[in-house]
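In case you want the letters, here they are:
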Amino acid sequence: MVSGILIGAIIEGTRFLTGSFSKRSFIFKYRIGIEVIIWISLGLGTFFLLYEVRDGIWRVYDPLAQLLGILLYEKLFQPAFQLTGRIFLRLIVKPIWFILHAFITVIGKIISLIFLLILAIIKPFRYIYIKTLHLALQKKPNFRYNKKYTKN
């Protein structure tokens, strides 16, 4: 039953965390796939736990006890876990995400400032380069002072 309660808590936490991301994020778009992967890994983990505890003997009432644990979680423990999840999200995850987002923004601004300074330094030389290239590629004038004596 304890594994059923833990599975209920993990699935609830997964739904809560994936639902808290913005609708444009990768995690929100693929939340169903993430939940399926978590369900499969939880099932394999539960099977492995029962295999290790009982030396490979799997009884009929084990899935029923796990189902009872999930239902018990839904009725008794879900409000407490939801409150704990909201507190965890607001006190730990959101400040860390804000600091990380601010750090990435500052680094991006510094990189764009360095790029802008490099462009400002290179701009006069680029102007000279373009003008000399333009002059070098121009068609040379054909000076024919006396058309009668020049070959065509």
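This text follows the structure it describes.
Reading the values: the criteria
Residues numbered from 1 in each chain as written. Predicted model: local features only at pLDDT ≥ 70, side-chain atom pairs only at ≥ 80, totals over all residues. Heavy atoms only, no water. Phe/Tyr/Trp six-rings, centres within 6.5 Å; stacked < 30°, edge-to-face > 60°. Helix = DSSP H or I, 4+ residues; strand = E, 2+ residues; numbered from the N terminus. Buried < 20%, exposed > 50% of the residue type's maximum accessible area, 1.4 Å probe, protein only. Lys NZ or Arg CZ within 6 Å of the ring centre and 35° of its normal. Axes fitted to C-alpha atoms, helices over the stretch in contact; angles between N-to-C directions. Parallel < 35°, antiparallel > 145°, perpendicular 65-115°, else oblique. Left-handed = near helix turned anticlockwise from the far one by under 90°. Contact = heavy atoms within 4.5 Å. Salt bridge = Lys/Arg side-chain N within 4 Å of Asp/Glu carboxyl O.

A. The arrangement of the packing of aromatic side chains in detail. Taken as a whole and judged by the stated rule, the model has three aromatic pairs. Ring plane angle 25° and centroid distance 6.4 Å describe the contact between F47 and Y51, whose orientation is recorded as stacked. One end of the pair, F47, and the other, Y51, are both in helix α3 (residues 31-53), four residues apart, so they sit about a helical turn from each other. For Y51, a relative accessible area of 46% corresponds to the partly exposed category. Positioned above the aromatic ring of F28 is the side chain of R31, whose terminal nitrogen or guanidinium carbon lies 4.1 Å from the ring centre.

B. Here's a closer look at the packing of helix α1 (residues 2-20) against α3. For the pair α1 and α3, interaxial distance at closest approach is 10 Å and the crossing angle is 165°. As summarised for this structure, α1 and α3 are arranged roughly antiparallel, according to the angle between their axes. In terms of crossing hand, the pair formed by α1 and α3 is right-handed. Where α1 approaches α3, its residues S3, I7, I10, I11, T14, R15 and T18 are matched on the opposing element by R31, I34, E35, I38, W39, L42 and T46.

C. Focus on the pattern of salt bridges. Scanning the model with the defined rule gives two salt bridges in all. Salt-bridge contacts for R15 lead to E35; the nearest nitrogen and oxygen are separated by 2.8 Å. Highlighted residues: R15 in helix α1 and E35 in helix α3, separated in sequence by 20 residues. Classification of R15 by relative accessible area gives partly exposed; the value is 44%. Across the pair D62 and R54 runs a salt bridge, and its minimum N-O distance is 2.5 Å. The exposure class of D62 is buried, given its relative accessible area of 8%.

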